[in-house]
Amino acid sequence: MTMANSRSKILEAVKLSQPAFSEIITANIPQSKENLPAKFAGASTNVGGKFIQLNTLEELKSYIAENFKRTGIILSDIVELSDFSVLEIKEMDPHSLANVELAILRANLAVAENGTCWLPEENAIQRVLPFITQHLIVVVSNDAFVPSMHQAYEIIDQDIYGYGVFIAGPSKTADIEQSLVLGAHGPRSMTICLIQELNNKEKR
Amino acid sequence: MKDHSRLSEVFNEDEQRVNWHDETLWWIRQKRDKAANMLPEWELLRENASQIKHHTLSNLANYLEQFESKALANGITVHWAANAVEHNEIVLSILNRNGIDQIVKSKSMLTEECHLNAFLESNGVGVVDSDLGERIVQLAEEPPSHIVLPCIHKKKEEIGELFHKHLGTAHGEADPQVLTEAARQDLRSVFLTRRAALTGVNFAVAETGEIVICTNEGNADMGVHLADIHIASMGIEKIIPKRKDLGIFLRLLARSATGQPITTYSSHFKTPRLGQEMHMILVDNGRSRQLGREEFRNSLKCIRCGACMNTCPVYRRSGGHSYQYTISGPIGSILAPNLDMQKHADLPFASTLCGSCTNVCPVKIDIHNQLYQWRQVLVAAGKTTATKRWGMKIASTLFAYPALFGAAGKLGRSLMKITPYLFKNRLNPWYHQREMPAPPEQSFREWYKKQRNNKD
Ligand code: SF4
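Residues numbered from 1 in each chain as written. Chains lettered and ligands numbered in written order. Predicted model: local features only at pLDDT ≥ 70, side-chain atom pairs only at ≥ 80, totals over all residues. Heavy atoms only, no water.

A. Structural view of the site of the ligand. Within the structure, the ligand sits among Cys302, Ile303, Arg304, Cys305, Gly306, Cys308, Ile331, Cys361, Pro362, Val363, Ile365 and Ile367 of chain B. Here the shell around the ligand is composed, by residue class, of 10 nonpolar, one polar and one charged. (Near = heavy atom within 4 Å. Nonpolar A, V, L, I, M, F, W, Y, C, P; charged D, E, K, R; others polar.)

B. Summary view of the nonpolar core. The biggest cluster of nonpolar side chains holds 73 residues, and the ones touching the most others in it are Cys117, Leu129 and Val140 of chain A together with Leu64, Phe67, Ile211 and Ile239 of chain B. With residues up to four places along the chain from it excluded, the contact list for Ile211 of chain B reads Phe67, Val201, Phe203, Ala204, His230, Ala232, Ser267, His268, Phe269, Met278 and Met280 of chain B. Among the nonpolar cores identified, the runner-up in size contains 70 residues, and Ala152 of chain A together with Leu39, Leu149 and Val314 of chain B belong to it. (Core = buried A, V, L, I, M, F, W, Y, C linked by side-chain atoms within 4.5 Å. Buried < 20%, exposed > 50% of the residue type's maximum accessible area, 1.4 Å probe, protein only. Contact = heavy atoms within 4.5 Å.)

C. Representation of the packing of aromatic side chains in the model. Summed over all chains, the structure comprises 10 aromatic pairs over all chains. Among the aromatic side chains, those forming a connected cluster through ring pairs are Trp118, Tyr153, Tyr161 and Phe166 of chain A. Looking at Lys53 of chain B, its charged tip hangs above the ring of Phe249 of chain B, at a distance of 5.5 Å from the centre. (Phe/Tyr/Trp six-rings, centres within 6.5 Å; stacked < 30°, edge-to-face > 60°. Lys NZ or Arg CZ within 6 Å of the ring centre and 35° of its normal.)

D. Structural context of the pairing of strand β6 (residues 135-140) of chain A. Residues and elements named next belong to chain A. Along β6, six of the six residues are buried, which leaves the element largely enclosed by surrounding structure. With five bridges connecting them, strand β3 (residues 100-106) and β6 associate as parallel partners. Paired with Ala103 across the strands is Leu136, a residue of β6. Pairing between β6 and strand β11 (residues 189-195): six bridges, direction parallel. Within β11, the residue paired with Leu136 across the bridge is Met190. (Helix = DSSP H or I, 4+ residues; strand = E, 2+ residues; numbered from the N terminus. Pairing = 2+ DSSP bridges.)

E. Representation of the pattern of salt bridges in the model. Within this structure, the stated rule accounts for 25 salt bridges over all chains. Between Glu58 of chain A and Lys61 of chain A there is a salt bridge, with its nearest N and O atoms 3.4 Å apart. With Glu58 of chain A and Lys61 of chain A both in helix α3 (residues 57-67) and three residues apart, the pair spans about one turn of that helix. You can call Lys61 of chain A buried: its relative accessible area is 18%. Between Glu9 of chain B and Arg6 of chain B there is a salt bridge, with the nearest N and O atoms lying 2.8 Å from each other. Taken together, the residues Glu9 of chain B and Arg6 of chain B, both in helix α1 (residues 4-11) and three residues apart, mark about one turn of the helix. The partly exposed category is assigned to Arg6 of chain B, whose relative accessible area is 42%. By sharing partners, the salt bridges in this structure join Glu113 of chain A together with Glu41, Arg251 and Arg255 of chain B into a single network. (Salt bridge = Lys/Arg side-chain N within 4 Å of Asp/Glu carboxyl O.)

Take a look at the structure:
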């Protein structure tokens, strides 16, 4: 490439220009660990999400039957929801997911301060799935909650992933005169479902 | 060329629109305040963020090399571009090599700075901007007027008009819900058919070689995950040392920008998808020069939240286009003269130096100080008009000698009463779109003295 020496040119210029080395001095920021699911529910609602609590995945099945179109494609890799599972989607061409109506995914980390769930690639099944689906349900257990982004990064600090995303509610835009519209390019709705009988440890 | 004050005059001709623009941005500023006030640790967060950025700049060369080696190990091709021309050439060569003549692009102020769209189009490559606001200004053939809210200057009726023409929505349709749906349908087919996706970068982590992109719409992800090739363009100042630093920056960014606790999506790209090609272009384009300017290097801490624009009384009432630079508002006025002192000499003067920008900046950049510093540099370098040069000279003399300042004030107050036309005439730009209040009988200093005497 013709810009082969731009690398050394830039690094040289940066070395010459950068100020004297200074250490980072950052303070620790403590966070309260109380009432995390309730805090999460509030934050999630504020960013357009819907928070529900159910006892079992069996109950989730009926919830889906009542609230979502039966006609569309529903995908999940949660074994208990095997009615919907399509296990080979991992290998599918992402374009073939264009008509997915609902995806039900598992998150092991949920942040109370802002209503986000962390979905690394394994949980998303396919990187594009949490975006291309018309609706998204994320299943979490009681021990998934942390107070803030600081604790979230403490947990994923050493994780190995190729891709991962924090998701806070449905896709949205306010670009037209600042009126909030849900369903910009990604999901039109996001439901976070806390299942009481689930335990995180099995997946982490 | 028209300067900032001329263009703001044009913007100010439509008073209703100016008021609407002003109020909308102020409303966003208030949402930011609410979000910030909810966190007792807000000031601590700002301080931490500023410290991390300061440290990063002091060790930038090492961090860039570390980032590069990690990214390479992650299977990413890394390119270096000294300037906009090289950046654009690199993008084009990747596309040419793969026989691609249509791409989808998510928000990237850097590619705006490099005028990438125009360059690609002149080389036969079609570009579709996928952020709704950017798509709107693209259809209108205008540059974005705000770094976070690209079409904040546009009324929904104007957007409806554009969509009627380009996307076939009903004539007169101006409902944001309907218009957004039309864009969703249209862009979905774009996402599904483009083989290359270009994105910007919000943060690049030296420790891991991953990049983080923040959007509310999910447009960056839709483009990238459906494309064979992902090209990410980033300025060299986007580096942060560690993954856990993201906790601090992600807490600050959206709260400062729109008052949201976080953007809908904070996507971490570390390796290409199986079978996908991923390129990262590290761009200097004047940044190393700015790093060497001691009084202005703090401007490289900017995380592009836009808070300084939303709060700026001049920006709110002059509009982003009046700055004639990709990044408008207070921070743009510091960055632009670094690239071209002559062309952007007017910008550091487009400020009241009220300091509101400095107060809201999440990485604690001393924005108004730097604007003041630029004025000194520009005047010394002879880049300003004679009126400004003399104005600055007279003002600094007056400020230096209090007695003279007092006398000048007294003289001014009486002259304004006796001969108002001396002040209120076409030659004094202050009077365009303004009325002056009646001059006070006494100055603050005189009043203060009297009060003290009364007390004694
Ligand atoms: S200078 Fe500060 S307030 Fe302005 S856009 Fe950059 S980070 Fe935000």
